[in-house]
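The chain contents come next:
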Amino acid sequence: MIPRTARERWWCAEPGVKDRCQAIGLRLAIAYHEKDLEGVERLMPAGEDEIGLVMGALEDGLLTLNQIYPPGPPDEVWERVTPIIDAAAPKGVAPRTRALLAAMSHAMYNATLGEIYEQKEQDPYTGVHLFAAITAMRADEHEGSIERMREKADELDPR
């Protein structure tokens, strides 16, 4: 199998790289949750390959979480996640991130989801911000989620 998507590339990455990217994703989600713009900017990887792997790790975590605890209808997700995006996304990133969220939300009601996922793959920088913000939003659903995310990030990639 030749990995095509960011999620597939993350799954096929070396264990150390995989752990590091998952830890970065968790820390990004925590920074979004805390509306820590400086933290978001500091944690964002510089290289496009690593950004894609972090996006893949976040996407994989969200897909798993969504199977156990569905996130609610797209309109509700929009209302809950856009304030997080607006508060913590770096300058110029929030509009692109909201646009990707809107496209993904709209695609849930029609047959264009595959096209939107391709758009996400073309712009992993925006995708990683979106998935970090959604993960931050989902953290509010269960008591102690942020603490568990911190513990898991430290276990995967101690600083």
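Everything numeric here is computed off the predicted structure, so don't read it as measured data.

### Comments concerning the side chain of Thr97
Then, number 1: Looking at where Thr97 falls in the secondary structure, it is placed in helix H6 (residues 93-107).
Then, number 2: Exposure remark for Thr97: the relative accessible area of 0% places this residue in the buried category.
Then, number 3: The contact partners of Thr97, leaving out residues within four places of it in the chain, are Ile85, Thr126, His129 and Leu130.

### Looking at the confidence of the model for the protein
In low-pLDDT regions, the fine details of the predicted coordinates are not to be read closely.
Then, number 1: For the protein, per-residue confidence averages 91 on the pLDDT scale, and 97% of positions sit at 70 or higher.
Then, number 2: Taking the mean pLDDT of every element in the protein, the minimum, 81, falls on helix H7 (residues 113-122) and the maximum, 97, on helix H2 (residues 15-33).

### Section: the nonpolar core
Then, number 1: Counting 39 residues, the largest nonpolar core has Leu28 and Tyr32 as the members making the most contacts within it.
Then, number 2: Listing elements by their share of this core, those giving two or more residues are helix H1 (6-12), H2, helix H3 (37-43), helix H4 (48-68), helix H5 (74-88), H6 and helix H8 (124-139).
Then, number 3: Counting residues per element, this core draws most heavily on H8, at 8 residues.
Then, number 4: Formed by 9 residues, the second largest nonpolar core is a distinct cluster that contains Leu26, Ala29, Met149 and Leu156.

### A closer look at H5
Then, number 1: Spanning 15 residues, H5 covers 21 Å between terminal C-alpha atoms, matching the ideal 21 Å at 1.5 Å per step.
Then, number 2: The largest bend along H5 reaches roughly 30° and is located at Val81, with the proline Pro83 sitting one to four residues downstream.
Then, number 3: Looking at H5, one finds that the buried residues are Pro74, Val77, Val81, Thr82, Ile84, Ile85 and Ala88.
Then, number 4: Summarising the contacts, the buried residues of H5 are in contact with H2, H3, H6 and H8.

### A closer look at the packing of aromatic side chains
Then, number 1: Applying the stated criterion across every chain yields a total of 1 aromatic pair.
Then, number 2: Ring geometry for Trp10 against Trp11: centres 5.4 Å apart, planes inclined by 70°, an arrangement best described as edge-to-face.
Then, number 3: Taking relative accessible area as the criterion, Trp11 reaches 47% and is therefore assigned partly exposed.
Then, number 4: Across from the ring centre of Trp10, 4.7 Å away, lies the NZ or CZ of Lys18, which sits over that ring.

### Considering the environment of Ala136
Then, number 1: One can find Ala136 in helix H8.
Then, number 2: Residue class for Ala136 comes out buried when judged on its relative accessible area of 0%.
Then, number 3: For the pair Ala136 and Val81, spaced 55 residues apart in sequence, the C-alpha separation works out to 8.2 Å.
Then, number 4: Sequence-distant contacts of Ala136, defined by excluding residues within four places in its chain, comprise Ala29, Tyr32, His33 and Ile84.

### Focus on unusual backbone geometry
Then, number 1: In the Ramachandran plot, Lys35 falls in the positive-phi region, its phi being about 55° despite a non-glycine side chain.
Then, number 2: Relative to the helices and strands, Lys35 is located in the loop between H2 and H3.

### Focus: the environment of Pro74
Then, number 1: When you line up the elements, Pro74 lands in helix H5.
Then, number 2: Linking Pro74 and Met104, residues 30 residues apart in sequence, is a C-alpha distance of 8.6 Å.
Then, number 3: When neighbours within four sequence positions are excluded, Pro74 is seen to be in contact with Ser105, Met108 and Tyr109.

### Quick look at the packing of H2 against H8
Then, number 1: For the pair H2 and H8, the least separation of the axes is 8 Å and the interaxial angle reads 65°. The pairing of H2 with H8 is recorded here as roughly perpendicular in orientation. The chirality of how H2 crosses H8 is right-handed. For the pair formed by H2 and H8, the contact residues are Leu28, Ala29, Tyr32 and His33 on the first element and Val128, His129, Ala132, Ala133, Thr135, Ala136 and Ala139 on the second.
Then, number 2: A per-class count over the contact of H2 with H8 returns 8 nonpolar, 3 polar and no charged.

Cut-offs and rules
Residues numbered from 1 in each chain as written. Predicted model: local features only at pLDDT ≥ 70, side-chain atom pairs only at ≥ 80, totals over all residues. Heavy atoms only, no water. Helix = DSSP H or I, 4+ residues; strand = E, 2+ residues; numbered from the N terminus. Buried < 20%, exposed > 50% of the residue type's maximum accessible area, 1.4 Å probe, protein only. Contact = heavy atoms within 4.5 Å. pLDDT = per-residue confidence, 0-100. Core = buried A, V, L, I, M, F, W, Y, C linked by side-chain atoms within 4.5 Å. Expected span 1.5 Å × (residues − 1). Bend = angle between axes of the 7 residues up to and from the residue. Phe/Tyr/Trp six-rings, centres within 6.5 Å; stacked < 30°, edge-to-face > 60°. Lys NZ or Arg CZ within 6 Å of the ring centre and 35° of its normal. Axes fitted to C-alpha atoms, helices over the stretch in contact; angles between N-to-C directions. Parallel < 35°, antiparallel > 145°, perpendicular 65-115°, else oblique. Left-handed = near helix turned anticlockwise from the far one by under 90°. Nonpolar A, V, L, I, M, F, W, Y, C, P; charged D, E, K, R; others polar.

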